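Single-letter residue listing:
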Amino acid sequence: MKVEKIKVSKIDQIDFDNLNFGSVFTDHMFSCDYIDGEWVNAQISPYKPISISPSARVFHYGQACFEGMKAFKDNKNKNWLFRPLDNYERILKSSIRLAMPEFPKELFFESLKKLIELDNAWIKPGLGNSLYIRPFIFASEDSINATEANQYKFMIICAPADSYYSGDVRVKIEKSFSRAAKGGVGYAKAAGNYAAQFYPTILARNEGYQQIIWTDSSNHEYIEEAGTMNLFFRIGDKLITAPTSDSILDGITRKSIIQIAKDQGINIEVRPIKVNEIIEAAKNNSLKEIFGSGTAVVVLPIIGFGYENEKFELPRIESPWSILLKSKLNDIQYNISEDPHGWRTEA
Ligand code: COI
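Residues numbered from 1 in each chain as written. Predicted model: local features only at pLDDT ≥ 70, side-chain atom pairs only at ≥ 80, totals over all residues. Heavy atoms only, no water.

1. Thoughts on the sheet that holds strand E9 (residues 170-173)
So, point 1. Taken together, the four strands give an open sheet; going across it, the order is E10-E9-E16-E17, and neighbouring strands pair in mixed fashion. The open sheet has two free edges, formed respectively by strand E10 (211-213) and strand E17 (310-313), since each of these has just one partner strand. Neighbour to neighbour, the strand axes of the sheet diverge by 25° on average, direction disregarded.
So, point 2. Here strand E16 (residues 304-307) pairs with E17 via four bridges, running antiparallel. Residue pairing in the sheet places Phe 305 in a bridge with Phe 312 of E17. (Pairing = 2+ DSSP bridges. Helix = DSSP H or I, 4+ residues; strand = E, 2+ residues; numbered from the N terminus. Axes fitted to C-alpha atoms, helices over the stretch in contact; angles between N-to-C directions.)

2. Notes on the domain arrangement of the protein chain
A common way to state how big an interface is: give the accessible area lost once the parts meet.
So, point 1. Under the domain assignment used here, the protein chain contains domain 1 (2-161) and domain 2 (170-341).
So, point 2. One C-alpha centre belongs to domain 1, the other to domain 2; they are set 27 Å apart.
So, point 3. In this complex, domain 1 contributes 27 residues to the contact, which on the side of domain 2 involves 25 residues.
So, point 4. Here domain 1 meets domain 2 over a buried area of about 2200 Å², counting both sides, of which 62% is carbon and sulfur.
So, point 5. Counting the surface domain 1 buries against domain 2, the share from its top three residues, Phe 82, Arg 90 and Arg 97, is 28%. (Domains from an automatic or database assignment. Contact = heavy atoms within 4.5 Å. Buried area = accessible area lost by both parts, 1.4 Å probe.)

3. A short note on the pattern of salt bridges
So, point 1. Evaluated as defined, the whole model comprises 17 salt bridges.
So, point 2. Between Glu 221 and Lys 274 there is a salt bridge, and its shortest N-O distance comes to 3.3 Å. Of this pair, Glu 221 sits in the loop between E10 and strand E11 (230-235) while Lys 274 is found in the loop between strand E13 (267-270) and helix H6 (275-283), placing the two residues 53 residues apart along the sequence.
So, point 3. In this structure, the salt-bridge partner of Arg 271 is Glu 269, at a minimum N-O distance of 2.7 Å.
So, point 4. You can call Glu 269 partly exposed: its relative accessible area is 22%.
So, point 5. Taken together, the salt bridges that share partners define one network made up of Lys 238, Glu 269, Arg 271 and Glu 277. (Salt bridge = Lys/Arg side-chain N within 4 Å of Asp/Glu carboxyl O. Buried < 20%, exposed > 50% of the residue type's maximum accessible area, 1.4 Å probe, protein only.)

4. Let's talk about the packing of aromatic side chains
So, point 1. Inspection of the entire model under this criterion finds 22 aromatic pairs.
So, point 2. Look at Phe 30 and Phe 154: their rings are 6.3 Å apart centre to centre, the planes differ by 70°, and that puts the pair in the edge-to-face class. Of this pair, Phe 30 sits in strand E2 (residues 28-35) while Phe 154 is found in strand E8 (residues 152-161), placing the two residues 124 residues apart along the sequence.
So, point 3. Taking the relative accessible area as the measure of exposure, Phe 30 reaches 0% and is therefore buried.
So, point 4. Aromatic pair Phe 305 and Phe 312: ring centres 4.8 Å apart, planes at 15°, arrangement stacked.
So, point 5. Exposure remark for Phe 305: the relative accessible area of 2% places this residue in the buried category.
So, point 6. Judged by relative accessible area, which is 10%, Phe 312 ranks as buried.
So, point 7. Put simply, the rings of Phe 30, Tyr 34, Trp 39, Tyr 88, Phe 103, Phe 108, Phe 109, Tyr 152 and Phe 154 touch in pairs and so form one group of aromatic residues.
So, point 8. Sitting over the ring of Phe 16, Lys 124 keeps its end group 4.6 Å from the ring centre.
So, point 9. One cation-aromatic arrangement involves Arg 344 over Trp 80; the distance from NZ or CZ to the ring centre is 5.3 Å. (Phe/Tyr/Trp six-rings, centres within 6.5 Å; stacked < 30°, edge-to-face > 60°. Lys NZ or Arg CZ within 6 Å of the ring centre and 35° of its normal.)

5. A word on the site of the ligand
So, point 1. For the ligand, the full set of nearby residues is Phe 21, Phe 66, Gly 68, Tyr 132, Arg 134, Tyr 164, Lys 189, Tyr 194, Thr 295 and Ala 296.
So, point 2. Residue Lys 189 places a side-chain N or O atom 2.6 Å away from an oxygen atom belonging to the ligand.
So, point 3. Against a free-state accessible area of 280 Å², the protein chains account for coverage of 91% of the ligand.
So, point 4. Put simply, the ligand lies in the largest pocket.
So, point 5. Grouping the amino acids of the shell around the ligand by side-chain chemistry returns six nonpolar, two polar and two charged.
So, point 6. When residues of the shell around the ligand are assigned to domains, at least three fall in each of domain 1 (2-161) and domain 2 (170-341). (Near = heavy atom within 4 Å. Polar contact = N/O pair within 3.5 Å; in protein donor to acceptor, adjacent residues only side chain to side chain. Areas by Shrake-Rupley, 256 points an atom, 1.4 Å probe, with all protein chains shown as cover. 1 Å grid on protein atoms, 1.4 Å probe; cavity = no way out; pocket = protein on both sides within 12 Å on 5 of 7 lines; lining within 4 Å. Sits in = over half its atoms within 2 Å of the grid points. Nonpolar A, V, L, I, M, F, W, Y, C, P; charged D, E, K, R; others polar.)

6. Examining H6
So, point 1. For H6, the complete set of buried residues consists of Val 275, Ile 278, Ile 279, Ala 281 and Ala 282. One face of H6 carries all of its buried residues, which in axial projection span an arc of 165°. Counted as exposed and oriented over 90 degrees from the buried face of H6: Glu 280 and Lys 283.
So, point 2. Of the residues trailing H6, Asn 285 is marked for its positive phi of about 65°. (Arc of directions from axis to C-beta.)

7. Overview of the packing of helix H2 (residues 84-97) against helix H3 (residues 105-118)
So, point 1. Contact geometry of H2 with H3 gives a least axis separation of 11 Å together with a crossing angle of 130°. By the angle between their directions, the pair H2 and H3 is classed as oblique. The crossing of H2 and H3 is right-handed. For the pair H2 and H3, contact is made by Pro 84, Leu 85 and Tyr 88 and by Lys 105, Phe 108 and Phe 109, respectively.
So, point 2. Here the residues of the contact of H2 with H3 sort into five nonpolar, no polar and one charged. (Parallel < 35°, antiparallel > 145°, perpendicular 65-115°, else oblique. Left-handed = near helix turned anticlockwise from the far one by under 90°.)

What follows is the structure, encoded as structure tokens:
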């Protein structure tokens, strides 16, 4: 792998107290090309624009997918990745579904390690701070022939991060639009899955919601996910989350939260959730919490939701599970507690 280091770091120009998620990038990036059946030109270089043909297939047919992962700094200045193998395996799954070549595992981990070493100063210590790492792959071949491409680019860019959302979050349970259908690409981190959400989300935002809770595309009867996060509902003394499927992303934070909840003795059920069950629980006051989970958001409490023409506010409860589970997860991520499931990897 070729490595070209930055001459002068831009880190001094960054206001780390006012980071806008995903809009500031570190000094270095990784790139690699897939040409004639081989991954070539693996290199780390200063973060900069790339040159790409206007006919590159990614612009026309959306052949692209990505990952989101994080590195954390502990109080001894060591950096840790959280379940990176799961991210690697998921980008392979997404790549296969989108007819893109599999990126080699050794190169994935070698490039991550080198990027973290070079951009170490960008990973700030302290709970809430992290380095958001964005691996992605796209069809770079310059041809608008509507078939899978023969050339691809795999890249990794990194952004220092604190919180994804600030302020109260309310969501809308969607009844008209769909995020993903059976047999589709909903389980993959396909770029197009996100683009398709923007328009319905703008409409929801105009009604005062920050995000949408997607429901099944057949009847809008079952809860799926929120697009940037998986969802958990606390009804009485039970925590419920929907099982993953071909229309729900297999969230790494989601499965970590399920395990931590079990470790905490929380009664957790992974099963289909009817929208009606949530509405009824909200009406009879047994709905105690809703929260989302995801790499970017970690664990995000939701304070209210809308369905059809009704609006519901959740009770402010003492000792919410969202806070407990987030703090147990953070303790593992920041090397504060034991790591009983072997999720942490020193980077
Ligand atoms: C992540 O949590 O990594 C996601 O993919 C959400 C992202 C679109 C901000």
